[in-house]
Amino acid sequence: MGQTKIELAGVPETLLWNLYQRATEARRGDRVLDDPWAVELVDRIDYPFAEKFGSGSLGQWQALRASRFDLEVRRFLADIPGGTVVALGEGLETQFFRVDDGRVRWLTVELPETVAVRDRLLPPDPPRRRTLACSVLDESWMHAVEPGPVLISAQGLLMYLQPTEVHRLLAACAERFPGATVVLDGVPRWFSDRTLAGTMRTAEGYVTPPMPWALDRAERAWLAALPAVASVTELVPPRGRGIVYGGAFPVLNRIPAVRRLGVTGLPILRVRFADRP
Ligand SMILES: C[S@@+](CC[C@H](N)C(=O)[O-])C[C@H]1O[C@@H](n2cnc3c(N)ncnc32)[C@H](O)[C@@H]1O
């Protein structure tokens, strides 16, 4: 089969970095994440991955981040078979194929240009899976969520939004989905600042787009103080391979101040909304 040429720019292009890192890790015999779909997609996409992103040296880092999201989804589905997962800004994340238990109902909410790429590369949605081509900031997606228990994931998304947009989105989710869980990640302030300055780049010269929203102390406090939020829990990536990911990082991640620096893995939060009285 020939390759599919992908021309994405700006924020949507970042999905290719994530995909490439996961695929690079998944090609290893001693991988920490099984992800045959990521490998297949990278093989089928005509895009200068190595020229832009290098050798994929952050493969394990990215795969452990994805594993943590997988764990949350699997736990949710073990508790609530047939529950709904809403994947905001899903990109070419192949999590559905990793966690599908044959019962999950899945809703993808993505920008139209990214959905067009997904349509060219992924199999058509089965009946349990739906895709909405709209911004997560267009709250009409919320009406498409079927009644019942919901887990909303926002992996690698919120950092690209403005702080006011993140606030509006999370507050609207809390209002609309009482009892739901959101799993999200963010970048620390220093990381956001570097992207805003245009100095976050790969050795090959690919410049990361601006990430205006940082998950810092003030944002954690804002979230925890929302009346509709019942709990906010900090999550860490699972133990990985080798002295860094298997030894040093899990130890360092036990220290909140170090964990929040975002070097040992991006901060990940599980937010539970209160049930409606
Ligand atoms: C870094 S990629 C992350 C993709 C995927 N979640 C992952 O972890 O591999 C950022 C994704 O957010 C999507 N995105 C950015 N702004 C969005 C918005 N306003 N609404 C929906 N999706 C958005 C982009 O299209 C892109 O797929």
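Here, the structure is the one placed above.
Residues numbered from 1 in each chain as written. Predicted model: local features only at pLDDT ≥ 70, side-chain atom pairs only at ≥ 80, totals over all residues. Heavy atoms only, no water.

**Some details on the packing of helix H1 (residues 10-26) against helix H2 (residues 36-44)**
Next up, step 1: Contact pair H1 / H2: the axes reach a minimum separation of 8 Å and the direction vectors enclose 115 degrees. Once H1 is placed against H2, the crossing between them reads as left-handed. Between H1 and H2, the contacting residues are Leu19, Tyr20, Arg22, Ala23 and Ala26 on the first element and Ala38, Val39, Leu41 and Val42 on the second.
Next up, step 2: Split by residue class, the contact of H1 with H2 holds 8 nonpolar, no polar and 1 charged. (Axes fitted to C-alpha atoms, helices over the stretch in contact; angles between N-to-C directions. Helix = DSSP H or I, 4+ residues; strand = E, 2+ residues; numbered from the N terminus. Left-handed = near helix turned anticlockwise from the far one by under 90°. Contact = heavy atoms within 4.5 Å. Nonpolar A, V, L, I, M, F, W, Y, C, P; charged D, E, K, R; others polar.)

**So, the nonpolar core**
Next up, step 1: Judged by nonpolar contacts, the single largest core of 34 residues is most densely connected at Trp141 and Leu184.
Next up, step 2: Mapped by element, the contributors of at least two residues to this core are strand E3 (84-88), strand E4 (105-110), strand E6 (150-154), helix H7 (163-176), strand E7 (181-185) and strand E9 (268-273).
Next up, step 3: If you tally residues by element for this core, the top one is H7, at 6 residues.
Next up, step 4: When sequence neighbours within four positions are dropped, the list of residues in contact with Trp141 reads Val86, Leu88, Leu107, Val109, Leu132, Cys134, Ser135, Val136, Ile152, Leu169, Cys173 and Phe177. (Core = buried A, V, L, I, M, F, W, Y, C linked by side-chain atoms within 4.5 Å. Buried < 20%, exposed > 50% of the residue type's maximum accessible area, 1.4 Å probe, protein only.)

**Section: helix H10 (residues 242-252)**
Next up, step 1: Every buried residue of H10 is listed here: Tyr245, Gly246, Phe249 and Pro250. Across the axial projection of H10, the buried residues extend over an arc of 115 degrees, all falling on one side. (Arc of directions from axis to C-beta.)

**Details of the site of the ligand**
Next up, step 1: Of all residues adjacent to the ligand, which total 19 residues, the nearest are Gly89, Glu110, Thr114, Val136 and Gln155.
Next up, step 2: Contact distances for the ligand include 2.8 Å between a nitrogen atom and a backbone N or O atom of Gln155.
Next up, step 3: Top element by residues in the shell around the ligand is H1. It accounts for 6 residues.
Next up, step 4: Its residues placed into classes, the shell around the ligand shows 7 nonpolar, 8 polar and 4 charged. (Near = heavy atom within 4 Å. Polar contact = N/O pair within 3.5 Å; in protein donor to acceptor, adjacent residues only side chain to side chain.)

**Looking at the environment of Phe96**
Next up, step 1: Summarising the element assignment, Phe96 is placed in helix H5 (residues 95-99).
Next up, step 2: A relative accessible area of 5% means that Phe96 is categorised as buried.
Next up, step 3: Put simply, Phe96 and Ser140 are 44 residues apart on the chain and 23 Å apart in space, counted from C-alpha to C-alpha.
Next up, step 4: With residues near it in sequence (within four places) discarded, Phe96 still touches Val104, Trp106, Pro126 and Arg129.

**Let's talk about the side chain of Thr181**
Next up, step 1: In this structure, Thr181 sits in strand E7.
Next up, step 2: A polar atom in the side chain of Thr181 sits 3.0 Å from the side chain of Arg272.
Next up, step 3: Excluding residues that lie within four positions of it along the chain, Thr181 makes contacts with Val150, Leu151, Ile152, Arg270, Val271 and Arg272.

**So, the state of the cysteines**
Next up, step 1: Applying the stated rule across the entire model yields 0 disulfides.
Next up, step 2: Looking at the unpaired Cys134, the closest cysteine sulfur is the one in Cys173, lying at 12 Å.
Next up, step 3: Since its relative accessible area comes to 1%, Cys173 is described here as buried. (Disulfide = S-S within 2.5 Å.)

**A look at the pattern of salt bridges**
Next up, step 1: All chains considered together, the criterion is met by 26 salt bridges.
Next up, step 2: The salt bridge involving Glu25 is made with Arg241; its shortest N-O contact spans 2.7 Å. Here Glu25 is found in helix H1, whereas its partner Arg241 is found in the loop between strand E8 (229-235) and H10, with 216 residues between them in sequence. Side by side, Glu25 and Arg241 carry an identical accessibility label, which is buried. (Salt bridge = Lys/Arg side-chain N within 4 Å of Asp/Glu carboxyl O.)

**Brief notes about the sheet that holds E4**
Next up, step 1: The strand order E5-E4-E3-E6-E7-E9-E8 describes an open sheet built from 7 strands, whose pairing is mixed. The sheet terminates laterally at strand E5 (129-133) and E8, the two strands that pair on one side only. With strand direction ignored, the average angle separating the axes of adjacent strands in the sheet is 15 degrees.
Next up, step 2: Note: E6 against E7, 4 bridges, orientation parallel. Within E7, the position partnered with Ser153 by the bridge is Val183.
Next up, step 3: The strands that helix H6 (residues 112-121) touches are E4 and E5; relative to E5, the one it contacts most, it runs at about 140 degrees.
Next up, step 4: Packed on one face of the sheet, helix H9 (residues 217-225) meets E8 and E9 and runs near 145 degrees to E8. (Pairing = 2+ DSSP bridges.)

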